[in-house]
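So you can see what is in the structure, the chains are spelled out below.
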Amino acid sequence: MMNLQKENILIVDDDIDILELLQRHLKSWSYHTYKAISVKEAVHILRDTHIDLLITDLKMPEVDGFELIKFASEHYPNVPKLVVTGYPSVQDSLTAIKVGVVDYLTKPFTKAELQTAIEKSFSPKDNLASNTKVNLSEQTQQAYGDIIGKSEKINDVIQIIERVKNNKATIFIKGESGTGKELVARAIHYQGKFSRAPFITVNCGGIPENLLESELFGYTKGAFTGAEKDRNGFFQAANNGTIFLDEIGNASLAVQSRLLRVLQEKEVVKVGSQRAEKIEVRIIAATNSDLKKMIEKQTFREDLYYRLTVVEINVAPLRERKEDIPLLVDKFLLKYGIEYKDRFIKISNKALEVLKRYHWVGNIRELENVIQHAVIMCDGIIEVEHLPDTLKINIDFPNDNRLLPLKEIEKRYILKVLNATDNNKTKASKILGIDRKTLRNKLEN
Ligand SMILES: Nc1ncnc2c1ncn2[C@@H]1O[C@H](COP(=O)(O)OP(=O)(O)OP(=O)(O)O)[C@@H](O)[C@H]1O
Ligand SMILES: [Mg+2]
C-alpha cells in the first residue's frame with residue numbers, strides 16, 4: 001500500500017500492550033499514529049492535530065470511551081470512529097447513544113480484521129478528500145478555526161472571513177469587549193494562504209504613547225536617548241504577514257498620521273530616519289470604542305478611518321446571538337472540566353436557561369469566567385446554585401444612556417424575576433402580581 005498522503009489515526013486505550021499492537025499494525029500499513037492512554041490525552045490531541053480516524057477502547061478509568069465518542073461526534077463529526085472492545089455486547093449501547101461509530105472490533109482481533117475495519121472506516125467518505133476539505137456550511141455549524149457558533153451573526157462573520165482571508169485588504173473589526181475580535185483576526189490570518197507568515201498583535205492601548213511610534217515602525221541609532229542601534233518595529237516584523245492593531249482608538253494623532261502613510265504608500269519610516277522601507281503587510285485593526293464619535297471630537301483622523309474600514313466586520317454582542325451560548329458553554333465545560341476536574345462536567349437545563357437569559361455585558365469572556373468558576377464549585381453537574389448571584393438576580397440594563405420602550409423594560413424585569421426564582425413560573429407570577437397565563441403571554445410576545 002504505497003500512499004504518500006497517509007492518514008493520521010488516533011488510538012486510545014488504557015492498555016499499553018494494545019496501543020503498541022495497534023500502532024505496529026498501523027505503521028506496517030504506513031499510517032501515522034497518535035497514541036493516547038486516556039480520554040483526556042485524546043481530547044488534547046484531537047484539539048491540536050488533524051485526525052482522520054479515531055480508534056478507541058470503551059472501558060477506561062476516569063472518563064470512558066463513550067464520553068470520548070460523544071465528544072468527538074459533537075466536535076469532530078467528520079472523523080470516523082472505530083471501537084475496539086473486550087465486551088462483545090457493546091453494539092447495543094453504541095446504537096443507543098446514536099453516534100456515528102463506523103464499526104467495532106472485539107478483542108482479541110486479527111490483523112486482517114483490523115485492516116478490514118479500517119478500510120470500512122475510510123471508504124464511505126471517500127477518505128482524505130472529504131475529511132480534509134470540510135465544506136463551509138457543515139463546518140460553520142460548530143466551529144470555524146477556534147470560532148464557535150451557529151448563529152446567523154457568526155455565520156455572516158465567517159462568510160466575510162472566507163472572502164478576505166486570501167487577500168491583503170485592510171480589515172476593521174468592531175465589537176464590544178470580549179466578543180471575539182482577536183479570535184476573528186487570528187482566523188483571518190491562520191485560515192488563509194498567508195498563515196505561515198507572521199501574525200503580530202499590537203495592543204495600541206498597552207504601549208505608552210511616546211513609545212508606540214518607535215515600537216510600530218522601529219527606530220534608528222541616535223533617534224532618541226537610549227537608541228543605541230537601529231531596531232525594527234512591529235511592521236517590519238510582520239512583513240508578508242498580518243499586523244493586528246488592537247484598540248486602534250488609543251493610537252495618538254502622531255501615530256495615526258504615520259499609519260495613514262503606511263496605508264497609502266505601503267512603506268514605513270523608522271523614527272529618526274528619512275528613508276522609507278517598502279512593506280507588504282495586511283492590516284487588521286480592531287476597537288470597541290466609537291471611532292465616529294472620536295472623529296467628531298477630532299481625536300481620530302477621518303481619512304485614516306476610511307482607509308482602515310475597507311472591509312468592516314461587526315462582531316455582535318453575545319446577547320444578540322443567544323443560540324451560540326450552549327455551544328460556547330460546551331466548549332468551556334470541556335476545557336475547564338479537563339483542566340480542573342479531569343473529567344467532563346455537565347450543566348443542568350435550568351442553569352443553562354439562566355445563562356441564556358443573562359445580558360452578558362462582558363460577552364464571551366464573561367461567559368468563560370462564569371463557567372470556569374462554576375466548574376470549580378460543582379461536583380460533576382453545574383446547577384443554578386453554582387452560578388454567581390449577579391447572574392441570577394441581575395438582568396442588566398444596558399449601561400449606556402439608551403432610552404428603552406416600556407415593553408422592553410417590562411420584559412427585562414420579568415426575566416430578572418424569573419432568574420431570581422430559578423425559573424419557577426408560579427413564584428414569579430406571584431411576585432409580579434399577574435397570573436401564569438399572562439406571564440406566559442408576555443414571555444411569548
Ligand atoms: N466564537 C467564539 N468561540 C469560542 N471562543 C470565543 C469566541 N469568541 C470569543 N471567544 C473567547 O472569548 C475570549 C475573548 O475573546 P477576544 O479576546 O477575541 O475578545 P475581544 O473582542 O478581542 O475583546 P476585547 O475588546 O476585550 O479585547 C477569548 O478567550 C476567546 O477565545
Ligand atoms: Mg481583544
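Cut-off values and rules
- Residues numbered from 1 in each chain as written.
- Chains lettered and ligands numbered in written order.
- Predicted model: local features only at pLDDT ≥ 70, side-chain atom pairs only at ≥ 80, totals over all residues.
- Heavy atoms only, no water.
- Pairing = 2+ DSSP bridges.
- Helix = DSSP H or I, 4+ residues; strand = E, 2+ residues; numbered from the N terminus.
- Axes fitted to C-alpha atoms, helices over the stretch in contact; angles between N-to-C directions.
- Core = buried A, V, L, I, M, F, W, Y, C linked by side-chain atoms within 4.5 Å.
- Buried < 20%, exposed > 50% of the residue type's maximum accessible area, 1.4 Å probe, protein only.
- Contact = heavy atoms within 4.5 Å.
- Near = heavy atom within 4 Å.
- Polar contact = N/O pair within 3.5 Å; in protein donor to acceptor, adjacent residues only side chain to side chain.
- Areas by Shrake-Rupley, 256 points an atom, 1.4 Å probe, with all protein chains shown as cover.
- Nonpolar A, V, L, I, M, F, W, Y, C, P; charged D, E, K, R; others polar.
- Domains from an automatic or database assignment.

Per an unreviewed UniProt entry, the protein chain carries the name Two component, sigma54 specific, transcriptional regulator, Fis family protein and comes from Kordia algicida OT-1.

**Q** Hey, could you run me through the sheet that holds strand 13 (residues 282–287) in this one?
**A** Strand pairs in the sheet, formed through backbone hydrogen bonds, run parallel or antiparallel to each other. If you trace the five strands from one edge of the open sheet to the other, you get 9-10-13-8-14, paired in parallel fashion. Looking at the sheet topology across the chains shown, the edges are occupied by strand 9 (199–203) and strand 14 (311–315). Recorded for the sheet is a direction-independent mean angle of 20 degrees between the axes of neighbouring strands. Where strand 8 (residues 171–175) lies against strand 13, four bridges are found, and the strand directions are parallel. Residue pairing across strands places Ile173 opposite Ala286, the latter belonging to strand 13.

**Q** I keep staring at the nonpolar core and nothing clicks. Help me out?
**A** In a soluble, globular protein the nonpolar side chains are often hidden away together inside. Counting 31 residues, the largest nonpolar core has Leu216, Phe235, Ile243, Leu245, Ile248, Phe300 and Leu308 as its most contacted members. Those elements that place two or more of their residues in this core are strand 9, helix 10 (209–217), strand 10 (242–246), helix 12 (253–265), strand 13, helix 13 (291–296) and helix 14 (302–308). At five residues, helix 12 tops the list of elements feeding residues into this core. The contacts of Leu216, once residues within four sequence positions are left out, are Val202, Gly233, Phe234, Phe235, Gln236, Ile243, Leu245 and Val255. Leu327, Tyr358, Trp360 and Leu391 belong to the second largest nonpolar core, which has 28 residues in total.

**Q** Mind showing me how you'd approach the site of ligand 1 here?
**A** In the vicinity of ligand 1 there are 17 residues, among which Ile148, Ser177, Gly178, Lys181 and Arg365 approach most closely. Separating a nitrogen atom of ligand 1 from a backbone N or O atom of Ile148 is a distance of 2.9 Å. For ligand 1, whose free accessible area comes to 640 Å², the fraction covered by protein is 85%. The set of elements that each furnish at least two residues to the shell around ligand 1 consists of strand 7 (147–148), helix 9 (181–191), helix 15 (325–341) and helix 17 (363–377). Considering only residue class, the shell around ligand 1 consists of five nonpolar, five polar and seven charged. No fewer than three residues from each of domain 2 (140–315) and domain 3 (320–444) sit in the shell around ligand 1.

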